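Given next are the chains, with one letter for each unit.
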Amino acid sequence: MDKILVLDFGGQYNQLIARRVREQRVFAEVRGYDKITLAEIVAAGYAGIIFTGGPNSVYEESAPHFDPAILDAGIPILGICYGCQLLAWMGGGEIRSAGNISEYGKVELLPCAPGDPLLRDVPETSVCWMSHTDYVSTPPTGFSVTARTRSCPCAAFSDPARRLYGVQFHPEVTHTEYGAQILRNFLFSVCACAGDWSMGDYCQRAIAELREKIGSGRVLLALSGGVDSSVCAALLAEAVGSQLTCVFVDHGLMRKDEGDEVERAFAKWDLDFVRVNAVERFLTRLHGVEEPERKRKIIGEEFIRVFEEEGRKIGQVDFLAQGTIYPDVIESGLGAGAVIKSHHNVGGLPDAVEFREIVEPLRLLFKDEVRQLGRELGLPEYLVMRQPFPGPGLAIRVLGEVTEDKLAILREADAIFREEMAASGQERCASQYFAVLTGCRSVGVMGDARTYGWTIALRSVTTDDFMTADWSRIPYETLEKASSRITNEVPTITRVVYDITSKPPATVEWE
């Protein structure tokens, strides 16, 4: 099997690079620059290496570097952003600060070397995505400049004889018009990959790795009934079978009738399924708490404590399994990355847990890849395509303090919105949609009398990986029907608004 090594130097798009490679049916794995040696790289037989971006300046002593001998190992290399500068620096080129002419965002790319293997089929002008403060001012000996921008004299350079290439821009992001073509050129023209890897291969590899890691140990899976934990359950069931116990914690923060639906769905499976009623303990812990991060951390800790208690009832449990996926990891703060919000199953975990290890077999996958894996495992389509639902549940869709009354209001409004989305066929167009009970009250009029009630916000987004998302253009008729029903059928709701903010600058959830 052809393998591409994504050598991680701390950039924000590193897993996205691996994902873009896998989309071309070539297997990719991410390794930290300090977690693998040159000897190990050579022994592994990688078809090519991609140096990632990163936040540092290569000329700083504390910046991440690698053994320069890698340039003479005979393995094709593509350097991206920081990786491009590192490639030049290791080869004896010169890197300078761009100063006032730094480039961020969409920039016009101007190839200047017709016939260059990396830029084949890239037109004379196209849009690329830049994000850099430094730039390659002088490429190393043997390299030639293959593309410029109006501000950057070396947007790409290459040494085709040694199959070494660098691009200052980010071909892995969708904003780079011909980014996919550039990656294809590297994979197939430069690295001579066959493109015969599939999600089925990933599935078998994951099963084998889980069997090796878990051995004869017992696993407790935190099962929410959502897409991620369902796929995780199927994967673990395939790997370790009877060694798995699935615990569904009903924390009282689910959507309308969802707890019963989850139990019915998994009753058909040959799994040790345990449903724990923990409504009172979660609401008690959340009493008086308004700050979103505190809510997430309280829920994360309480989940762990419930699982520990259930583990003690079962007997010796060695591993806690979670359906954590890559966007959860990034938003909770990956490496030196900023914490956007702590997901209950990542940044919300307590420092000490009773389990020997936490197992997260989906940790490197994006949502659409998780769905593909679910299909490989034979999960029914209704589970694979189920609406995403956050682990903290409605607690982060009730802004401010969470109470039973507020949860009841939100459940009804959310159910109505979902019903109207399904009735109008919009559920097939949106990636995620839900209602939010805002902390805002406003004046209304019902039956010629003044009212003063809550405002419900409706949210719907389209996305393929949940790293970025656009707001859904739902027909006015659907929104009108949902608004009319919510204000008529849900007491204390006087106003309905629709959220038209993309991610970024917003996140999908409000908290």
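What counts as what
Residues numbered from 1 in each chain as written. Predicted model: local features only at pLDDT ≥ 70, side-chain atom pairs only at ≥ 80, totals over all residues. Heavy atoms only, no water. Salt bridge = Lys/Arg side-chain N within 4 Å of Asp/Glu carboxyl O. Buried < 20%, exposed > 50% of the residue type's maximum accessible area, 1.4 Å probe, protein only. pLDDT = per-residue confidence, 0-100. Contact = heavy atoms within 4.5 Å. Helix = DSSP H or I, 4+ residues; strand = E, 2+ residues; numbered from the N terminus. Pairing = 2+ DSSP bridges. Right-handed = clockwise from strand over helix to strand, strands pointing away. Axes fitted to C-alpha atoms, helices over the stretch in contact; angles between N-to-C directions. Parallel < 35°, antiparallel > 145°, perpendicular 65-115°, else oblique. Nonpolar A, V, L, I, M, F, W, Y, C, P; charged D, E, K, R; others polar. Left-handed = near helix turned anticlockwise from the far one by under 90°.

Q: Describe the pattern of salt bridges, listing the residues and the values that go with them.
A: Proximity of charged atoms lets side chains of opposite charge pair with each other. The final tally for this structure, using the stated rule, is 34 salt bridges. E360 is the salt-bridge partner of R363, the closest N and O atoms lying 2.3 Å from each other. Look at R363 and you get partly exposed, because its relative accessible area is 31%. What you see here is one network of salt bridges that share partners, running through E419, E420, K481, R485 and E489.

Q: Requested: an account of the confidence of the model for the chain, with residues and values cited.
A: Averaged over all residues, the pLDDT of the chain equals 88, while 93% of them reach at least 70. Scored below 50 in pLDDT, residues 332-350 shows 59 contacts in the model against residues more than four places distant or in partner chains.

Q: Talk me through the pairing of strand β1 (residues 3-8); I want residue IDs and the actual numbers.
A: Both faces of the sheet carry side chains from a regular strand, because those side chains alternate between them. Most of β1 sits inside the fold, with five of its six residues counted as buried. Where β1 and strand β2 (residues 27-32) come together, six bridges link them in parallel fashion. Within β2, the residue paired with I4 across the bridge is A28. Since β1 and β2 lie parallel, the crossover through helix α1 (residues 14-23) that links them has a hand, and here it is right-handed. Where β1 and strand β3 (residues 48-51) come together, four bridges link them in parallel fashion.

Q: Outline the packing of helix α5 (residues 199-214) against helix α11 (residues 367-376), supporting the account with residue identities and numerical values.
A: Relative orientation and spacing of two packed helices are given, respectively, by the angle between their axes and the distance between those axes. At a minimum axis separation of 9 Å, α5 and α11 run at an interaxial angle of 80°. It follows from the interaxial angle that α5 and α11 lie roughly perpendicular. Side by side, α5 and α11 meet where M199, G200 and C203 of the first sit next to E369, Q372, L373 and E376 of the second. Broken down by class, the residue content of the contact of α5 with α11 amounts to three nonpolar, two polar and two charged.

Q: How would you explain the packing of helix α6 (residues 227-240) against α11 if you had to name every residue and give the values?
A: In the contact formed by α6 and α11, the axes pass within 10 Å of each other and the chain directions differ by 40°. By the angle class used here, α6 and α11 are oblique. For the crossing formed where α6 meets α11, the hand is left-handed. Where α6 abuts α11, its residues V227, D228, V231 and L235 lie against K367, V370, R371, L373 and G374. Taken together, the residues of the contact of α6 with α11 break down into five nonpolar, one polar and three charged.

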